[in-house]
Amino acid sequence: MDFAITILGSNSAAPAHGRNQTSQVVTWGKHSFLLDCGESTQHQLRKFKVKYFKINHIFISHLHRDHYLGLMGLLGTYHLNNRKEPLHLYGPKGLDEIITVQLKYSGTLLKFPLVFHLVAVDQKTRLLELGDLEIYAFPLKHRIPCTGFSFEEKTGRVKLRKEPIRQQKPGLEAIRTLLKAKDVRDMTGKILYKAADFCQLKAPRKYAFCSDTVFDPSLAHYIHGVDLLYHEATFMEAEKDRAKQTRHSTTREAAEMANLSAAKKLLLGHYSVRYSDLQPLLLEAREVFPNSFLSEEGSIYPIP
């Protein structure tokens, strides 16, 4: 089951230096989800050849313009292209009003059902369950109500070891049983193939998206043990006072959060327009959390 993040926009308040505003796509198997929808999101979807008609669920973290202004353009494109499948939109109070008032005064009756889901901003809440995947919202501390989102597998995966399969050549039916991490037995109950000899158990995977937030140690409780953590890093440490004033985080604070939450890998993002060169931000984060990386538009970050 593939699990990956595609970055569409990595900047903060305004596009600059060839970078767009916050948006990314989470892919899990056949499902695709859109996280935030800054300006030019639909252009980025086309540019990076994302199959945006496969997106049935859009999650908006908060109502600052750089996180949702691309929505109307995307909805209009779905409408013009005769989308029929329901589109589910998750966000804070007011998002439905922002969308419906524009539809009302443009005289637009969408050709597809648009389903709004109000997201609680004061507790961790499960928003969606699709097979073995659960999607949650959790509170962030910003200037207005804001949530992060986590994508969490419920169970681990079974991966077959190639060498014992090659040597012992169990049949197709036996392999199907082994893929369930079960022993293969004959009619009398005798074990023919032990699952432990053929299977490697992989732990459930988890991705967390922390859009806009001041540094908040209590956040670690919601995202503990994530395989990949996206955490805003709007400013470098020299601008720490500015970060506090605007309720944002610095690169070092994002890295500290990765440590506090026992994350395996950190993606920095939501860069201030004051930084044309992002390498200093990366180096500063790696002083605290070595497995830090820049989120770069068009790049895909798999969760193996």
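Structure: above.
I will try to describe carefully the structure that is included in this document.

What counts, and where the lines are drawn
Residues numbered from 1 in each chain as written. Predicted model: local features only at pLDDT ≥ 70, side-chain atom pairs only at ≥ 80, totals over all residues. Heavy atoms only, no water. Helix = DSSP H or I, 4+ residues; strand = E, 2+ residues; numbered from the N terminus. Rg over C-alpha atoms; globule rule 2.2 N^0.38 Å. Buried < 20%, exposed > 50% of the residue type's maximum accessible area, 1.4 Å probe, protein only. Contact = heavy atoms within 4.5 Å. Areas by Shrake-Rupley, 256 points an atom, 1.4 Å probe, with all protein chains shown as cover. Lys, Arg positive; Asp, Glu negative; His and termini not counted. Charge placed at Lys NZ, Arg CZ, Asp CG, Glu CD. Phe/Tyr/Trp six-rings, centres within 6.5 Å; stacked < 30°, edge-to-face > 60°. Lys NZ or Arg CZ within 6 Å of the ring centre and 35° of its normal. Pairing = 2+ DSSP bridges. Axes fitted to C-alpha atoms, helices over the stretch in contact; angles between N-to-C directions. Parallel < 35°, antiparallel > 145°, perpendicular 65-115°, else oblique. Left-handed = near helix turned anticlockwise from the far one by under 90°.

This part is about the overall build of the protein chain. From N to C terminus, the protein chain includes 10 helices and 18 strands. Taken over C-alpha atoms, the radius of gyration comes to 22 Å for the protein chain, in line with the 19 Å a tight globule of 304 residues would show. Looking at the 304 residues of the protein chain, the share that counts as buried comes to 50%. Intrachain contacts of the protein chain at a sequence separation of at least 6 include 64% that bridge at least 24 residues. Entry remark: accessible area of the protein chain is about 14,500 Å², with carbon and sulfur atoms responsible for 53%. Charge separation in the protein chain, taken as the distance between the mean sites of 42 positive and 32 negative side-chain charges, equals 7 Å.

Per the counting criterion, the structure on display carries 13 aromatic pairs. Between Phe 33 and Phe 151, the ring centres sit 5.4 Å apart and the planes meet at 55 degrees, which makes this aromatic pair tilted. Here Phe 33, found in strand 3 (residues 31-35), pairs with Phe 151, found in strand 9 (residues 146-153); they are 118 residues apart in sequence, far enough to count as distant. The buried category is assigned to Phe 33, whose relative accessible area is 0%. Grouped by ring-pair contacts, the aromatic residues Phe 33, Phe 59, Tyr 90, Phe 149, Phe 151 and Tyr 207 constitute a single cluster. It is Arg 83 that lies over the ring of Tyr 78; its NZ or CZ is 4.7 Å from the centre. One cation-aromatic arrangement involves Arg 286 over Phe 293; the distance from NZ or CZ to the ring centre is 5.1 Å.

With respect to the secondary-structure elements, Pro 86 resides in the loop between helix 2 (71-80) and strand 5 (87-91). Expressed as a C-alpha distance, the spacing of Pro 86 and Lys 202, which sit 116 residues apart in the sequence, is 34 Å. The contact partners of Pro 86, leaving out residues within four places of it in the chain, are Asn 56 and Pro 113.

This brings us to the sheet that holds strand 16 (residues 266-269). The strand order across the open sheet built from seven strands is 7-8-9-14-15-16-17, with neighbouring strands paired in mixed fashion. Looking along the sheet, the strands with just one partner apiece sit at the ends: strand 7 (125-130) and strand 17 (292-294). Along the sheet, successive strands turn relative to each other by an average axial angle of 20 degrees, direction set aside. Where helix 9 (residues 251-260) meets the sheet, its contacts fall on strand 15 (228-232) and strand 16, and the angle it forms with strand 15 comes to roughly 150 degrees. Seen against the sheet, helix 10 (residues 279-286) touches strand 16 and strand 17 and runs at an angle of roughly 170 degrees to strand 17.

Packed helices, taken two at a time, are described by the angle their axes make and the gap between the axes. Close contact between helix 9 and helix 10 brings their axes to 8 Å; oriented N to C, the two are set at 40 degrees. It follows from the interaxial angle that helix 9 and helix 10 lie oblique. Handedness of the helix 9/helix 10 crossing: right-handed. Along its contact with helix 9, which presents Thr 251, Arg 252 and Ala 255, the element helix 10 presents Leu 281, Glu 284 and Ala 285.

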